[in-house]
Amino acid sequence: MATFRIPKQTDASYLTALQAIRQDVAGFSAPHQIQVRLLDAPWGSEAVWSETPDQNKPIQDVLDHHSSIMPVFWLRGPGNQSALTINRKPEAVTDEVHVAYDSNWFSHLGIPEPQRNALAAKLIASTRKYLRSVDAEATFRGSTDTEWDRFRNAQSAVLNSLQETQRSILSDFTRKSLEMEADSKARLEAREAELQTHYNVLKEQLAKQQAAEAERVATREQAIENREKSFNTKEARYVARSEQQKQIEQITGWLNDWSLTKTTRSKRYVIIWAYAIGAAVTGGLTFWFSKESMAVIAAAADKLHWWQWLLLSIKSIFPLAAFITIVAAFIRWSSDWAKQHADEEFRNRARILDIGRTAWLLEAVRDAQDNNKELPPDLVKELSRNLFAYSQSADSSDLHPQAVSDLLLQGLNSLRVKGPDGSEIEAKRGK
């Protein structure tokens, strides 16, 4: 076994060197594997470096940190025998690499003696080449006049020069910082005095503006208070107008959508079915009795007496008369029903117009009161003439139910409306 000291390198550098070494010795023996210990800890596991990237995830997770924490690297041949081992030495300035070419490793390779020597020489040479053991050995040699020593001395001189430059830069930076700090402090003090003077001037100006604004606000508040008092006197009238407008809209919509109730329509259906059943029964009896009478007459026309002819005729005439009576009553009933509907429709339209006239009349009265004036009574009487006054048809029957508006005005000779502000309007029937 041969042991060399090598410069400390990163994990990625060691893996690259091991791949190059494995490539050099690939022609002498069976394939070798690169193995690593991921962490220097009891739970640190071993992993095999593969050419397939997907299988190198544990190793790649460590390499992504650009670290130097993998403690051991192996290049192992058949039988898991180590051909090369790299051990990190945290306490030393270099790491160690062990190249094994004993009988255990060679015995598992199965190659003859001459090829073993060539393989060992190739492995040692590749190890020294790619792991740079020469650099580590040159570092620990004595100070001699060699090319390496001259290079190292030049690097030391450069480092010393850089250190002196750094100290000089730090000294100049400290001096400049102190000078800038003093200059900045002086400028800040001057600026503070200037701002204080400006602040005092602005404070005096704002105090004057505040006094003027307070006087203006007080005047405005007094004006608003006076307007509020005036508004409060008209608030009741404003609310009354709003509520009246809402009521007018509700009544208008109610009258426009006026229709019979479901109960009234159901009663009408009962009457229609009664007429239909009565007409069907009487018509059927008329047809049946007429058919039987015709059959009797056709069978024994010469043998019938006059009173038999009369009975046969009466038997068919009575159902026919009942049928004609039912049909005529149904026609009259339907005509009266349609006429009452038409009359009620016209009355509803007239009510909508009267509601509008009433609203305009109330507005006129309120406007007159707002202006401390009074409308002439004759003018109010003329404007309110015939409000909510409707004449009933002379031949109207009681077949239909009355409208809800008729029920509201039923039995009333006059209607008086009084607003919250004290204004009144009175409408009488026929006037």
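Residues numbered from 1 in each chain as written. Predicted model: local features only at pLDDT ≥ 70, side-chain atom pairs only at ≥ 80, totals over all residues. Heavy atoms only, no water.

*Asks:* Quick question: what am I supposed to make of the side chain of Q9 here?
*Replies:* If you trace the backbone, Q9 turns up in the loop between β1 (2–7) and α1 (11–24). Given a relative accessible area of 8%, Q9 falls into the buried group. Separated by 3.4 Å, the side chain of Q9 and the backbone oxygen of L131 make a polar contact. Apart from residues lying up to four places away in sequence, Q9 is in contact with Y14, S68, R88, D95, L131 and R132. (Helix = DSSP H or I, 4+ residues; strand = E, 2+ residues; numbered from the N terminus. Buried < 20%, exposed > 50% of the residue type's maximum accessible area, 1.4 Å probe, protein only. Polar contact = N/O pair within 3.5 Å; in protein donor to acceptor, adjacent residues only side chain to side chain. Contact = heavy atoms within 4.5 Å.)

*Asks:* Is there a simple way to explain the nonpolar core in this structure?
*Replies:* Nonpolar side chains in soluble globular proteins tend to be buried together. By size, the foremost hydrophobic cluster in this structure holds 33 residues, and its most contacted members are I59, L84, I86 and L123. With five residues, the top contributor of residues to this core is α1. Not counting residues up to four positions away in its chain, the partners in contact with I59 are L15, V36, L38, A47, V48, W49 and M70. (Core = buried A, V, L, I, M, F, W, Y, C linked by side-chain atoms within 4.5 Å.)

*Asks:* Honestly, the sheet that holds strand β5 (residues 82–87) in this entry has me stumped. Any pointers?
*Replies:* Sheet strands pair via backbone hydrogen bonds, and the direction of the pair is either parallel or antiparallel. Pairing is antiparallel across the open sheet formed by six strands, whose spatial order is β1-β6-β5-β4-β2-β3. Only two strands of the sheet have a single partner each, and these edge strands are β1 and β3 (46–49). Going from strand to strand, the sheet's axes swing by 20° on average, the running direction of each strand aside. Two elements, β1 and strand β6 (residues 94–99), share six bridges in a ladder whose sense is antiparallel. Bridge pairing in β6 links A2 to V99. (Pairing = 2+ DSSP bridges. Axes fitted to C-alpha atoms, helices over the stretch in contact; angles between N-to-C directions.)

*Asks:* For this particular structure, what's the right way to read helix α4 (residues 113–130)?
*Replies:* Count 3.6 residues to each turn of an α-helix, and residues three or four apart come out pointing the same way. Over its 18 residues, α4 runs 26 Å from end to end, which matches the ideal 26 Å to within 8%, given 1.5 Å per residue. Along α4, the residues classified as buried are L119, A120, L123, S126 and T127. Seen from one end, α4 has its buried residues packed into an arc of 140°, which puts them on one side. When the buried face of α4 is taken as reference, the exposed residues oriented beyond 90 degrees from it are P114, N117 and K129. (Expected span 1.5 Å × (residues − 1). Arc of directions from axis to C-beta.)

*Asks:* Can you walk me through the pattern of salt bridges in this structure?
*Replies:* Pairs can form between side chains of opposite charge whenever their charged atoms are close. Overall, the coordinates contain 13 salt bridges when judged by the stated rule. In this structure, D11 and R88 form a salt bridge, with 2.4 Å as the shortest nitrogen-oxygen distance. With D11 in helix α1 and R88 in the loop between β5 and β6, the pair connects residues that are 77 residues apart, well separated along the chain. E179 serves as the salt-bridge partner of R175, at 3.5 Å between the closest nitrogen and oxygen. Taken together, the residues span about one helical turn, with R175 and E179 both in helix α6 (residues 147–256) at a distance of four residues. With relative accessibility at 39%, the residue R175 sits in the partly exposed group. Here the residues in one salt-bridge network are K8, D11, R88 and D95, joined through shared partners. (Salt bridge = Lys/Arg side-chain N within 4 Å of Asp/Glu carboxyl O.)

*Asks:* What is the right way to look at the pairing of strand β4 (residues 72–76) in this model?
*Replies:* Judged by how many residues are buried, β4 sits mostly within the fold: five of five residues are covered. Strand direction decides the pairing type here: strand β2 (residues 33–37) and β4, joined by five bridges, are antiparallel. Along β4, the bridge assignment pairs V36 with F73. As paired elements, β4 and β5 share five bridges and run antiparallel to each other. Each bridged residue has a counterpart across the sheet, and for W74 the counterpart in β5 is T85. Count of turn residues in the β4/β5 antiparallel hairpin: five residues, of which G79 carries a positive phi of about 75°.

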